[in-house]
Amino acid sequence: MKKEMSTKYNPQAVEAGKYQQWVESGVFKPSEDPNAEPYSIVIPPPNVTGKLHLGHAWDVTLQDMIIRQKRMQGYDTLWLPGMDHAGIATQAKVEEKLAKEGISRHDLGREKFIQQVWDWKEEYAKTIRQQWGKMGVSVDYSRERFTLDEGLNKAVNRVFVELYKKGLIYRGEYIINWDPKAMTALSDIEVIHKDIEGAFYHINYPVVGSDEVLEIATTRPETMLGDTAVVVHPEDERYQHLIGKTVMLPLMNREIPIIADDYVDVEFGTGAMKVTPAHDPNDFELGNRHNLQRLNVMNLDGSMNENAGQYAGMDRFVARKQIIKDLEELGLMVKIVSHPHSVGHSERSGAVVEPILSTQWFVKMKPLAERTIQNQSEEDAVSFFPPRFNQTFLTWMENVHDWVISRQLWWGHQIPAWYHKETGEVYVGEVAPEDEENWERDKDVLDTWFSSALWPFSTMGWPEESADFNRYFPTSTLVTGYDIIFFWVSRMIFQSLEFTGRRPFNNVLLHGLIRDSEGRKMSKSLGNGIDPMDVIDEFGVDALRWFLANGSAPGQDVRYSEEKLAAAWNFINKIWNASRFALMNVGEMTIEDINIGEDLTLADRWIMARLQNVIEDVTRLFDKFEFGEAGRVLYHFIWDDFCDWYIEMTKEQLQDDSRDNTTTKSILVHVLDNILKLSHPIMPFVTEEIWQQIAPAGESIVVAKYPIVDENYRDAQSEKAMEQVMEIIRAVRMIRNEMNTPLSKKVDLFIKANDEATMDLLTANKAYIERFCNPDALEIALAPNAPEEVVSQTLPFAQILMPLAGLIKIEDEIKRLEQEVVKLEKEVDRVVKKLSNQGFVAKAPAAVVEAERAKQVDYEQQLAAVQERIAHLRQL
């Protein structure tokens, strides 16, 4: 028995219990059909640092739409879930939590601290799973992975060791990005550059043995304490006589050489430049060329060290102020020039990043990048959607730097390297050396992105030859935000090519960012973040998913809009009410009872033909990931064609018990069935709820067969004919609206057909015209007997004629229009007086004055039109 549907869509009631039923019934698991074509997606693993945000909601909605459609289309689908350990971010969160208890990680020790982080992970992983459930994500939980699980650790160690053996991983002393707050190295793409108001400090360096000085400029005076040379261009005539001499480094009283290198831009600044090899990447390379000392003057926490002389122990920014003051007192500060410049900040902690000399582990990127670039011109290339991101990807790969992969953290994959306690020999291996007691393991862990880069194949069981790896890798589609194309997408591609010989995924669908209603990025600092769970509580998850699916084109940002969410709820309510009407009128009929005969009305043939077009278009647009366009097609078919036209056209015949309405009822059920199936990937909960009313017992729409085009119902002729009938109806309604004549008032209607074929078509379907136009008398002819005074509307195939007398009472209309004249004359008079006021014109903003002038023109035009209309009516 069908259960009675409520009169209004209630998302909370509809969603209750469904997800658990789906999970328990196993409908999210891969198919058991060995002949089905595999289709796989690995979820971009959210960080176990907190709750999911709207960006995650958008991301999983798009993936779920893809996988639900492919599952219904008969593919063997695997959507593999998982989460990321998020090294820096998660450790920072746990340390912050412990700090409130007055405890540091060093108080606990590495082992106990790591246990605290695992406890944190379990708590937040549970929350993320609950939120996934609320969003309706159809993942296979039996395959859930974590970037720090045992299998991932095995894969990580294998990759590290293999790259090391190939000479693609090395350990060296280089300038790296250092986060003094998180106390760890950062890769280039973990640094966010922000424009701040800084300064160029111009300082005189005295030339030893002369009265000359060299003026240099720096934005970081605190690093001058580590200067080991001053450099000029070898062809700069101003300084050639000084090359080979020395200057006295101010404040440190240390002689440093004047060297020549064509790196210097003679046009920039004074043409003389300080060289600090331990605190600047360009100076580091320059120092290597000239065998300069690397003098580090800073501690890892951002304070000055013992090499900083009298400034030792000061914070770097405190030291900067003191150095400036001391230089001014010595008369060596020439000038300070304001200079806005871009300063690197840690993506995780927000601290100003310090370029610092450090011994770290690196991946040599050039060979890996070259192979990746080459692959994009081959058959196994990754396809980007939108395609423009392919060039973004290639440009980054062409300019990539070596990747610093070591992190000074405890939470993460510990680097599989050991150092001999006596000889210092380095051992790199997947397992510890046999005489482990004689070795000390590297304390650092690997960058989070190192393990995430292996995600598409490590989650499938690699490095083992697992059944999942053989069947589902390469994965079919990756869905992620364009903001991590460098962090993650690029690294997955080059690691996959290196270790599997294949691309990691066939397609990459890149979506944008969710912004607030004003177009700003959502952030804690702005307080404009939106919790998707709150949105679901108010509008329901299907409304949120509809909004996210239709919010923008691929690669574009989307603005959050409560109005659009309310409109999404309203659309679902429209589907709900249309379904309720259909179900009330078809009785106990289900999909199995559908029997579409041959005696179809024009409306029947038209809606069946339209349905084939919609199936074709939605399927094609889904394949191109153009979900916004697919949603638009669905929306207009459901709201306009099905609800506003077809259902209305069937009402009278469905209520006529004297005729056999099996075909009409069958078409209602058939079209509703297809609408629900086409909409299910976007709106899974409400479609399941309604579909259960017409489905075979015990079946779920999750695994129902996706609609395919039935060529038997293609009918361009019926579509054209129905469009003509609808054009007639629209035109009549427009005339009624213009004449202020309600549809409830019967009026005579004459239709002059252009030819006999049109006359026959309209005559055969006059019942629709009568129902929608409510004529008192209707005549369809090549030369209808219409009165002389009519309102007419000409269409390409016919002319509509409606007697003016039937539409309005001329005397009443003249009175109404005369009242309109009085009102408009008052408005014209008000504006004229306002614009005649010289005080207003002189003091008001120009835009306000112009607006008033525009109003005057508008009111005068309206007044003239109404007066002209009155004059015409008086002549009748």
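Just so it is clear, the structure is predicted and the values come from calculations on it, not from any experiment.

Reading the values: rules and limits
Residues numbered from 1 in each chain as written. Predicted model: local features only at pLDDT ≥ 70, side-chain atom pairs only at ≥ 80, totals over all residues. Heavy atoms only, no water. Phe/Tyr/Trp six-rings, centres within 6.5 Å; stacked < 30°, edge-to-face > 60°. Helix = DSSP H or I, 4+ residues; strand = E, 2+ residues; numbered from the N terminus. Buried < 20%, exposed > 50% of the residue type's maximum accessible area, 1.4 Å probe, protein only. Lys NZ or Arg CZ within 6 Å of the ring centre and 35° of its normal. Contact = heavy atoms within 4.5 Å. UniProt positions renumbered as here; feature names shortened; annotations may be inferred. Core = buried A, V, L, I, M, F, W, Y, C linked by side-chain atoms within 4.5 Å.

**Section: the packing of aromatic side chains**
- What the rule picks out here adds up to 42 aromatic pairs.
- Where F160 meets W361, the ring centres are 5.4 Å apart and the plane angle is 70°; that geometry is what we call edge-to-face. On the criterion of sequence distance, the pair formed by F160 in helix α7 (residues 150–165) and W361 in strand β14 (residues 354–363) is long-range, its members being 201 residues apart. The pair formed by F160 and W361 is uniform in burial state, with each residue classed as buried.
- Across the ring face of W410, the terminal group of R105 is positioned such that the distance to the ring centre comes to 4.8 Å.
- In this arrangement the basic side chain of K121 is found over the ring face of F146, its NZ or CZ atom lying 4.4 Å from the centre.

**Here's the deal with unusual backbone geometry**
- Omega for the bond connecting F385 with P386 falls within 30 degrees of zero, at 0°, which places this linkage in the cis form.
- Checked against the element boundaries, P386 lands in the loop between β15 (383–385) and α11 (388–398).
- Phi at F625 takes a positive value of approximately 60°, unusual for a residue other than glycine.
- By secondary structure assignment, the location of F625 is in the loop between α19 (602–623) and α20 (627–654).

**A short note on the side chain of T184**
- Mapped onto the elements, T184 comes out in strand β6 (residues 184–186).
- Judged by relative accessible area, which is 0%, T184 ranks as buried.
- Once you skip the residues sitting within four places of it in the chain, T184 turns out to touch I88, N177, W178, D179, R407, Q408 and L409.

**A look at the UniProt feature "short sequence motif: 'HIGH' region" (unreviewed entry) in the protein chain**
- In the UniProt entry, the feature "short sequence motif: 'HIGH' region" (unreviewed entry) is given for residues 46–56.
- The span residues 46–56 is 27% helix and 0% strand, and its two end C-alpha atoms sit 8 Å from each other.

**Here we look at the nonpolar core**
- One finds I728 and I769 to be the most contacted residues of the largest nonpolar core, which totals 165 residues.
- For this core, the leading source of residues is α20, giving 14 residues.
- Once you skip the residues sitting within four places of it in the chain, I728 turns out to touch I751, L762, I769, L795, F797, A798 and I800.

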